[in-house]
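# Structural overview
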Amino acid sequence: MNMVYFLEEYRKIGLGAKLVKYWEEEMKQKGYKNVLTSTQANEDAQHFYKKIGYKEIGGFKYFDDPYEIIFQKIL
């Protein structure tokens, strides 16, 4: 999953979780056993992914960019 973003007024009302759940179901129907996403360590999205069941599995630092956290969820 890449580049999902909601404006502030559309956050914390369940839209993101519904969208991700739909995407997860699509991936499951296609035969995938797990899914990955990432976010920078300085972004609030990391808390969202943890809340909906994603586990931090590592990350990387690219030059001067913030640390990128990799998340996985077993479907």
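Scroll up to find the structure.
What this report covers is the structure whose coordinates are included nearby. (Residues numbered from 1 in each chain as written. Predicted model: local features only at pLDDT ≥ 70, side-chain atom pairs only at ≥ 80, totals over all residues. Heavy atoms only, no water.)

### Points about the environment of isoleucine 52
- Secondary-structure assignment places isoleucine 52 in the loop between α2 (45-51) and β2 (55-60).
- Each C-alpha atom, one on isoleucine 52 and one on valine 20, is 8.9 Å from the other, the two residues being 32 residues apart in sequence.
- The contact partners of isoleucine 52, leaving out residues within four places of it in the chain, are Ala17, Val20 and Lys73. (Helix = DSSP H or I, 4+ residues; strand = E, 2+ residues; numbered from the N terminus. Contact = heavy atoms within 4.5 Å.)

### Observations concerning the side chain of glutamate 68
- For glutamate 68, the location among the structural elements is in strand β3 (residues 68-74).
- One buried charged side chain, glutamate 68, makes no salt bridge at all; its nearest oppositely charged neighbour is lysine 61, positioned 9.7 Å away.
- A distance of 2.6 Å separates a polar atom in the side chain of glutamate 68 from a polar atom in the side chain of serine 38.
- Those residues in contact with glutamate 68 that lie beyond four places of it in its chain are Ser38, Thr39, Gln40, Gly58, Gly59 and Phe60. (Buried < 20%, exposed > 50% of the residue type's maximum accessible area, 1.4 Å probe, protein only. Lys, Arg positive; Asp, Glu negative; His and termini not counted. Salt bridge = Lys/Arg side-chain N within 4 Å of Asp/Glu carboxyl O. Polar contact = N/O pair within 3.5 Å; in protein donor to acceptor, adjacent residues only side chain to side chain.)

### Regarding the environment of tyrosine 54
- Of note, tyrosine 54 is situated in the loop between α2 and β2.
- Accessibility expressed as a relative area gives 2% for tyrosine 54, which makes it buried.
- A C-alpha to C-alpha distance of 14 Å links tyrosine 54 and lysine 33, two positions 21 residues apart in sequence.
- Among the polar contacts made by the side chain of tyrosine 54, one reaches the side chain of glutamate 24 at a distance of 2.8 Å.

### Points about the pattern of salt bridges
- Summed over the entire model, instances satisfying the criterion amount to four salt bridges.
- For lysine 73, the salt bridge goes to glutamate 24, with nearest N and O atoms at 3.2 Å. In this pair, lysine 73 is assigned in strand β3 and glutamate 24 in helix α1 (residues 15-29), connecting sequence segments 49 residues apart. As far as the burial class goes, lysine 73 and glutamate 24 line up, both buried.
- Among the salt bridges present, the one from glutamate 56 reaches lysine 50, with a minimum N-O distance of 4.0 Å.
- Residue classification places glutamate 56 among the partly exposed residues on the basis of a relative accessible area of 43%.

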